[in-house]
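Here is what each chain is made of, one letter per residue.
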Amino acid sequence: MAAVTRISALCNRGVKPLFLSKSLLARTLVSSKKTRDPPVLLSAQIHASPAHYAAGSKAASLHWTGERALSVALLGMIPVAYMYPGPAMDYSLAAALTLHSHWGLGQGLTDYVHGDAAIKASNAGLFALSAVTFAGLCYFNYHDVGICKAVAMLWSL
């Protein structure tokens, strides 16, 4: 009953509750004196993503379109890499997977890292991680069997 009273206290701030009206609530058989909880002040701190682009710019829309295009391209690249393995496909996968991971981790950092110094440090770390990942995949493609053959070898185990 206390929960219903608390909800009704929140709903009595100008918004009429649809299903919590007094006629629909079941009344208790025995009730003590009617008490009303004091109004609850709800407050939260909202962290909005910083605006990276100018107000009239289409760069954000183009970036979103590029992310989706890369995701769809990766869906097509994986079966093609299985059927036609080779150096061109290995390096294409290295670039696409690194860029896809970089954009995905960047969105996580945008959502969860707050504060100017922390944002700058995490972005620098992300760029370093992406550069090392791409360099490592290129090294693996050049000096070893490559991504496509390595995945085929793992599947043959």
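Procedures and definitions
Residues numbered from 1 in each chain as written. Predicted model: local features only at pLDDT ≥ 70, side-chain atom pairs only at ≥ 80, totals over all residues. Heavy atoms only, no water. Axes fitted to C-alpha atoms, helices over the stretch in contact; angles between N-to-C directions. Helix = DSSP H or I, 4+ residues; strand = E, 2+ residues; numbered from the N terminus. Parallel < 35°, antiparallel > 145°, perpendicular 65-115°, else oblique. Left-handed = near helix turned anticlockwise from the far one by under 90°. Contact = heavy atoms within 4.5 Å. Nonpolar A, V, L, I, M, F, W, Y, C, P; charged D, E, K, R; others polar. Salt bridge = Lys/Arg side-chain N within 4 Å of Asp/Glu carboxyl O. Buried < 20%, exposed > 50% of the residue type's maximum accessible area, 1.4 Å probe, protein only. Polar contact = N/O pair within 3.5 Å; in protein donor to acceptor, adjacent residues only side chain to side chain.

Visitor: Sorry if this is basic, but what is going on with the packing of helix α3 (residues 87-112) against helix α4 (residues 116-143) here?
Guide: The description of two helices packed together rests on the angle between their axes and the distance between the axes. Taken N-terminus to C-terminus, the directions of α3 and α4 make an angle of 165°; their axes are 10 Å apart at the nearest point. It follows that α3 is roughly antiparallel to α4 by the angle criterion. Two packed elements cross with a definite hand, and for α3 against α4 that hand is right-handed. Facing α3, whose interface residues are Asp90, Tyr91, Ala94, Ala95, Thr98, His102, Leu105, Gly106 and Leu109, α4 presents Ser122, Asn123, Leu126, Phe127, Leu129, Ser130, Thr133, Phe134, Leu137, Cys138, Asn141 and Tyr142. Broken down by class, the residue content of the contact of α3 with α4 amounts to 12 nonpolar, eight polar and one charged.

Visitor: What is the right way to look at the pattern of salt bridges in this model?
Guide: Opposite charge on two side chains permits pairing when their charged atoms draw close. What the rule picks out here adds up to one salt bridge. The residue arginine 68 makes a salt bridge to glutamate 67 at a minimum N-O spacing of 3.1 Å. A relative accessible area of 38% means that arginine 68 is categorised as partly exposed. Residue classification places glutamate 67 among the buried positions, given a relative accessible area of 10%.

Visitor: Looking at this structure, how should I read the side chain of histidine 102?
Guide: One can find histidine 102 in helix α3. With near-sequence residues (within four places) excluded, histidine 102 lies in contact with Leu126, Phe127 and Ser130.

Visitor: Where do I start with the side chain of serine 122 in this structure?
Guide: Topologically, serine 122 is positioned in helix α4. You can call serine 122 buried: its relative accessible area is 17%. Within the structure, the side chain of serine 122 is placed 3.0 Å from the backbone oxygen of isoleucine 119, a separation counted as a polar contact. Filtering out sequence-adjacent residues up to four positions away, serine 122 remains in contact with Leu109 and Val113.

Visitor: Mind showing me how you'd approach the environment of tryptophan 103 here?
Guide: You can see tryptophan 103 is positioned in helix α3. Considered as a pair, tryptophan 103 and serine 130 are 27 residues apart in the sequence and their alpha carbons are 9.7 Å apart. For tryptophan 103, the residues in contact, after removing those within four places along its chain, are His63, Gly66, Glu67 and Leu70.

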